[in-house]
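# A look at the structure
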Amino acid sequence: MLQNKEIILGVTGGIAAYKAVELLREMIKGGANVHVVMTQNAQQFVSSLTFQTLSGNPVLCEMFRLFTGSKIGHVAMADIADLMVIAPATANTLGKIANGIADDLLSTMVMAMKVPVLLAPSMNVNMWESSFVQNNIQKLKAHGYQFIGPAEGDLACGSMGSGRLADIAEIIEKIEDIFTKKDLQGQHVLVTAGPTLEPIDAVRYLTNRSTGKMGFALAKIARRRGAEVTLITGPNYLSLPRRDIPQIVVQSAREMRDVILEHYQDCNIVIMAAAVADFRPQNTLQEKIKKKSDTYLLGLEKNPDILKELGENKGHHLLVGFAAETSELMENAEAKLRKKNLDLIVANDVTQPGAGFGADTNIVKILDARGRARKFPLLSKDEVANLVLDQVVKLVKKREKDQPWPHNW
Ligand code: CTP
């Protein structure tokens, strides 16, 4: 998403300036070309050489030495940029921008910007809560400036509260969001993720190798593309870089089924990326099982097939399933698509390197109800999520065309 984007990173003089180094690295990793602009105070915290070395571009600091090592002046720079991010943005810088003061290179550049400007404030909690800062924030929002953070937590000054620079992952997600077309606006997507956990006794359970990464990527990208998203997930160790996705954590397949059914009527798209356990122990013992004998026979019974049940009560819903297979990939995937009355199924052969549970990548084939299969190479789970959602958008548009407004789906 950040590929070939020209981003100006403004760094101002707060202790969080050192975190801007990590932010720069993440932007570059995403494919952006980053030009760093620093205030004089920022240079007290981090050397411009650090940013210059990592960005591969001259760092602009002084108003009247613009052309030293750079062919781009501040106004021209504002013209070529796709986005300006100021992280950290101090109370002083926010105040200057809000009140039209342009007395250094950074504040002058902001004023010339015609593209989105994202501000990531960072300061002491009392400063953040002061009416001066809050009034400036309101003013800046009214002028169309975008914000990320601040986060809550321990502050460098020793106090606790709001004022920490937002997490780098959240800043990057906000940048991606700004660049993303909202082609899922108006849709409500329910995504399931992770394994389910079927208790055997007071301390043991049956589960599988799913980590939830694919479902989390789908939830994040569906939200980024404008959908309202509900994430229903089995136990996991992941964190989402977005706070605007309600997340419901469940344990067993039966619990997952109940929660999905509770939310089914509120959504119009369901993506079942969860690896739901097909069986559960017939009896869950309240006590810990003792090893009295050399063998122990565990009786299992079938769990509900949630997606099949949704397919039997499909109504207006668009249903997407996953098929993680170890053999006869397409035959099995197509049979599941038909049996569960799905619109799309994402098939992956989990025996292939890079396509199994827990990986950050996947190799998928997406099959639709008309029998068309699209094959993709090894991609990150974010890229796979985008491809799945591209197919979803196509189906949504087709339905809207076939059933013009007021469509009853
Ligand atoms: N699924 C479900 N409920 C189950 C099992 C699976 O909703 N009890 C969903 C999964 O989330 C996935 C799709 O059905 O989207 C296919 O799951 P998969 O485990 O590949 O297939 P199964 O139908 O369980 O068949 P099998 O395990 O025999 O391959």
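Bear in mind that the values here come from a model prediction, so they are computed numbers and not experimental data.

## Digging into the pairing of strand β1 (residues 6–11)
A large share of β1 lies buried, amounting to five of its six residues. Between the parallel elements β1 and strand β2 (residues 33–38), the chain passes through helix α1 (residues 19–29) in a crossover that is right-handed. Bridging between β1 and strand β3 (residues 83–89) involves four bridges; their strand directions are parallel. Note on β3: the bridge partner recorded for isoleucine 8 is methionine 84.

## Overview of unusual backbone geometry
Cis geometry is adopted by the peptide bond preceding proline 88, which originates at alanine 87 and carries an omega value of -5°. In this fold, proline 88 is placed in strand β3. With omega at 5°, the peptide bond leading from glycine 149 into proline 150 counts as cis. Locating proline 150 in the fold gives a position in the loop between β5 (146–147) and β6 (151–154). Look at asparagine 4: it is not a glycine, yet its phi comes out positive at around 65°. Looking at the secondary structure, you find asparagine 4 in the segment before β1.

## Observations concerning the side chain of lysine 340
Structurally, the position occupied by lysine 340 is in the loop between α13 (329–339) and β17 (344–349). Setting aside residues up to four positions removed in sequence, lysine 340 forms contacts with Asp305, Leu307, Lys308, Gly311 and Leu319.

## Quick look at the environment of lysine 181
By the element assignment, lysine 181 lies in the loop between α9 (168–179) and β8 (188–193). Lysine 181 gets classed as exposed once you look at its relative accessible area, which sits at 63%.

## A closer look at the sheet that holds strand β11 (residues 228–233)
The eight strands lie next to each other as β12-β11-β8-β13-β16-β17-β19-β20, forming an open sheet whose pairing is mixed. Taken across any chain shown, the strands that pair with only one partner, and hence form the sheet edges, are β12 (247–249) and β20 (373–375). Each neighbouring strand pair of the sheet contributes to a mean axis angle of 15°, computed without reference to strand direction. Here four bridges tie β8 to strand β13 (residues 269–272), and the two strands are oriented parallel to one another. Bridging across to β13, valine 189 finds its partner in isoleucine 269. Packing of helix α10 (residues 213–224) onto the sheet brings it into contact with β8, β11, β12, β13 and β16 (318–325), and relative to β11 it is tilted by some 165°. Contacts from α13 reach β16, β17, β19 (365–368) and β20 within the one sheet, and its direction differs from that of β17 by about 150°.

## Quick word on the pattern of salt bridges
Within this structure, the stated rule accounts for 28 salt bridges. Where lysine 96 meets aspartate 103, a salt bridge forms, and the shortest distance between an N and an O atom there is 2.7 Å. Overall, lysine 96 belongs to the buried group, its relative accessible area being 12%. Several salt bridges converge on common partners, so that one network encompasses Glu173, Glu176, Asp177, Lys182, Arg223, Arg224, Arg242 and Asp244.

## Notes on the site of the ligand
Neighbouring the ligand are 14 residues; Met272, Ala274, Asp278, Lys336 and Lys340 lie closest to it. Alanine 274 has a polar backbone atom sitting 2.7 Å from an oxygen atom of the ligand. Bound to the protein, the ligand loses 78% of the 560 Å² it would expose on its own. Across the shell around the ligand, the residue classes break down as nine nonpolar, one polar and four charged.

## Considering the pairing of β13
The side chains of a regular strand alternate between both faces of the sheet. Where burial is concerned, the two faces of β13 agree: the one with Ile269 and Ile271 and the one with Val270 and Met272 are both buried. Summarising the sheet, β13 and β16 pair through four bridges and their orientation is parallel. From the neighbouring strand, isoleucine 271 faces β16, where its bridge partner is valine 320.

## Describing α1
Taken together, the buried positions of α1 are occupied by Lys19, Ala20, Val21, Leu23, Leu24 and Met27. Looking one or two residues past α1, glycine 31 carries a phi angle of roughly 105°, positive in sign.

## Notes on helix α14 (residues 381–402)
When the terminal C-alpha atoms of α14 are compared, their 31 Å separation across 22 residues agrees well with the 32 Å that a helix rising 1.5 Å per residue should span. Every buried residue of α14 is accounted for by Lys381, Val384, Ala385, Asn386, Leu387, Val388, Leu389, Gln391, Val392, Val393, Val396 and Arg399.

## A closer look at a positive patch on the surface
On the surface, a cluster of positive charge is contributed by Lys288, Lys290, Lys291 and Lys292. When you line up the elements, lysine 290 lands in the loop between β14 (279–281) and β15 (300–302). The exposed category is assigned to lysine 290, whose relative accessible area is 55%.

## A few points about the domain arrangement of the chain
In many reports, interface size means the accessible area that the parts give up when they come together. You can read the domains of the chain as domain 1 (6–179) and domain 2 (188–401). Centre-to-centre, using C-alpha coordinates, domain 1 lies 39 Å away from domain 2. Of the residues lining the interface, six residues belong to domain 1; the matching set on domain 2 comes to five residues. With both chains or domains summed, domain 1 and domain 2 bury close to 570 Å², and 37% of this area falls on carbon and sulfur atoms. Its largest share of buried area at the contact with domain 2, domain 1 owes to Glu170, Glu173 and Asp177, together 77% of the area lost on that side. Linking domain 1 with domain 2 are five salt bridges. Residue arginine 224 pairs with glutamate 173 through a salt bridge whose shortest N-O separation is 2.6 Å.

## Considerations on the nonpolar core
Where a protein is soluble and globular, its nonpolar side chains tend to be buried together. Core analysis: the biggest nonpolar cluster contains 36 residues, and Leu218, Leu231, Ile271, Val320 and Val392 have the highest contact counts within it. When contributions to this core are tallied by element, the ones reaching two or more residues are β8, α10, β11, β13, β16, β17 and α14. Ranked by residues supplied to this core, first place goes to α14 with eight residues.

Cut-offs used in this document
- Residues numbered from 1 in each chain as written.
- Predicted model: local features only at pLDDT ≥ 70, side-chain atom pairs only at ≥ 80, totals over all residues.
- Heavy atoms only, no water.
- Buried < 20%, exposed > 50% of the residue type's maximum accessible area, 1.4 Å probe, protein only.
- Helix = DSSP H or I, 4+ residues; strand = E, 2+ residues; numbered from the N terminus.
- Right-handed = clockwise from strand over helix to strand, strands pointing away.
- Pairing = 2+ DSSP bridges.
- Contact = heavy atoms within 4.5 Å.
- Axes fitted to C-alpha atoms, helices over the stretch in contact; angles between N-to-C directions.
- Salt bridge = Lys/Arg side-chain N within 4 Å of Asp/Glu carboxyl O.
- Near = heavy atom within 4 Å.
- Polar contact = N/O pair within 3.5 Å; in protein donor to acceptor, adjacent residues only side chain to side chain.
- Areas by Shrake-Rupley, 256 points an atom, 1.4 Å probe, with all protein chains shown as cover.
- Nonpolar A, V, L, I, M, F, W, Y, C, P; charged D, E, K, R; others polar.
- Expected span 1.5 Å × (residues − 1).
- Patch = residues over 30% accessible without salt bridge, like charges linked within 9 Å, V, L, I, M, F, W, Y side chains within 5 Å.
- Lys, Arg positive; Asp, Glu negative; His and termini not counted.
- Charge placed at Lys NZ, Arg CZ, Asp CG, Glu CD.
- Domains from an automatic or database assignment.
- Buried area = accessible area lost by both parts, 1.4 Å probe.
- Core = buried A, V, L, I, M, F, W, Y, C linked by side-chain atoms within 4.5 Å.

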